[in-house]
Amino acid sequence: MKKSRIIVEGSEAYINEYSPTEIVNKSLFGSNMGNMLFYGSVYNAVVSNKDNYVTSDISEKSIENADYYLMPQANLFYKYFINKMEDYTNKLKKSSTPTILVGVGYQSPVGRESIEKNEKLDNTVRSFVSEILNHSTSIGVRGRITKKYILSLGFAESEVDIIGDPSIRFFGKKFITKSRAYKSFNTDMKIAVNYTPSRYHKNWGGFINSIFSKYSRSFAILQDTYEFYPLLWKYQNMKLPKVPDEVKTYDLPISKDNSVNWKNRALFFTNAKQWFVSLEAFDFSIGTRIHGNIAAILAGTPALTIAIDTRTLELAEYLKIPYIKLADLNEETTLESLYVKATEEMPNFYENYDNVLKDYLRFFEKNNVPINRDFFE
């Protein structure tokens, strides 16, 4: 029996082993280490099937010779990714290979929960999705807001499936869904703090910094590669992007002079397993990064997401991850109250996990992708 040749975009670091420096220099997860989770989830869903041959080569020749092309995506439907979508559209027009869009999302400005009118973006997304649907039965989107956006562009309900973010299924059926017993809140708890410098807002920025100043065992979990600069002494040969000028002005642990960094309270990971193992030792994870909080949950640590826009809000809603809207974060909000909220709501996530996994399976089946059954059942 001929093996199915499946391209999983972004899976190179799972197919071959690389050092942290190589992963950053080769940009294997782009400029955001959170990408490793949803690339890995899609890879895990197909790789163990003995009848599949998985590659990450997305050259036009490779795509044309493949049986399936899986495209894990994040917030692609955003004005800053118009050129990227146009490139994808032009590439796919030359291909007849079944192409599956997995987990794509619409992104709004910080603090917004609605869809904004943008004719150029709408036309680009419409062309891109139309081309994808020439190669597949449906697209997998992250939540109700993205689905509403795609339907508003004229697509049919049957062509859009809500599957959330692939990341949460990283372990598939092996993930333990039994609710955990959590300790009572205390000031000596070990806290993982994540944040999005490029999406800065003074409300969450002030709250995040209050955690660093009040809790000595709080640690910054970095994701954007430009944030690694303060720790570059550990990895002398890393080629890092420059810290954006506007980000330098924010009151966040970006510079090497910030106390969070020089007190060794900043961490970053280029390997999913190391990320999970490290977060197992934490008592709580909080911040604006959906993947930072998903990593914590996969490690068994309770988490709460500060939903700063549509992409984080719709994911938290669908996955039933504890969250607070940015608009509801104020001077009276305490870390303790959010910890209590998270631990009270985490059972909802565990109870919902099997449904989330089944949605993922149904999506692959609908698009006739040969998956690894042991991953799902």
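Our structure's up above, just so we're on the same page.
Residues numbered from 1 in each chain as written. Predicted model: local features only at pLDDT ≥ 70, side-chain atom pairs only at ≥ 80, totals over all residues. Heavy atoms only, no water.

Quick word on the pairing of strand β9 (residues 218-222)
So, point 1. When you tally the buried positions in β9, you get five out of five residues, the bulk of the element.
So, point 2. Where burial is concerned, the two faces of β9 agree: the one with Ser218, Ala220 and Leu222 and the one with Phe219 and Ile221 are both buried.
So, point 3. Here strand β8 (residues 191-194) runs beside β9; their pairing, made up of three bridges, is parallel. Residue pairing across strands places Ala192 opposite Phe219, the latter belonging to β9.
So, point 4. Read as a crossover between parallel neighbours, the route from β8 over helix α8 (residues 202-214) to β9 is right-handed.
So, point 5. Here three bridges tie β9 to strand β10 (residues 266-268), and the two strands are oriented parallel to one another. Bridging from a neighbouring strand, Leu222 pairs with Phe268 of β10. (Buried < 20%, exposed > 50% of the residue type's maximum accessible area, 1.4 Å probe, protein only. Helix = DSSP H or I, 4+ residues; strand = E, 2+ residues; numbered from the N terminus. Pairing = 2+ DSSP bridges. Right-handed = clockwise from strand over helix to strand, strands pointing away.)

Comments concerning α8
So, point 1. Its 13 residues give α8 an end-to-end C-alpha distance of 18 Å, which sits within 8% of 18 Å, the value for a rise of 1.5 Å per residue.
So, point 2. Regarding α8, the residues found buried are Trp204, Gly205, Phe207, Ile208, Asn209, Ser210, Ile211 and Phe212. (Expected span 1.5 Å × (residues − 1).)

Here's the deal with helix α7 (residues 144-152)
So, point 1. Ile145, Thr146, Lys147, Tyr149 and Ile150 are the residues of α7 that are buried.
So, point 2. Along its buried surface, α7 packs onto β5 (99-104), α6 (119-133), β6 (139-141), β7 (160-162) and α13 (310-319).
So, point 3. The positive-phi residue at the C-terminal boundary of α7 is Gly154, with phi of around 105 degrees. (Contact = heavy atoms within 4.5 Å.)

So, the layout of surface pockets
So, point 1. Of the volumes computed, that of the largest pocket is approximately 850 Å³.
So, point 2. Taken together, 37 residues line the largest pocket, and the ones lying closest to its centre are Ser31, Asn32, Asn75, Phe81 and Asp224.
So, point 3. For the lining of the largest pocket, the elements supplying multiple residues, two or more each, are β2 (28-31), α3 (35-47), α9 (245-248), α12 (290-298) and α13.
So, point 4. Here the residues of the lining of the largest pocket sort into 17 nonpolar, 13 polar and seven charged.
So, point 5. One number sums up the size of the second largest pocket: a volume of about 430 Å³.
So, point 6. Contributing to the lining of the second largest pocket are 23 residues, with Tyr14, Asn271, Ala272, Lys273 and Gln274 lying nearest its centre.
So, point 7. Looking at which element gives the most residues to the lining of the second largest pocket, the answer is helix α11 (residues 272-279), with five residues.
So, point 8. When its residues are assigned to classes, the lining of the second largest pocket shows 14 nonpolar, six polar and three charged. (1 Å grid on protein atoms, 1.4 Å probe; cavity = no way out; pocket = protein on both sides within 12 Å on 5 of 7 lines; lining within 4 Å. Points joined across faces, edges and corners; volume = space filled by probe spheres on them. Nonpolar A, V, L, I, M, F, W, Y, C, P; charged D, E, K, R; others polar.)

Digging into the environment of Lys148
So, point 1. Mapping Lys148 onto the fold places it in helix α7.
So, point 2. Each C-alpha atom, one on Lys148 and one on Ile115, is 8.8 Å from the other, the two residues being 33 residues apart in sequence.

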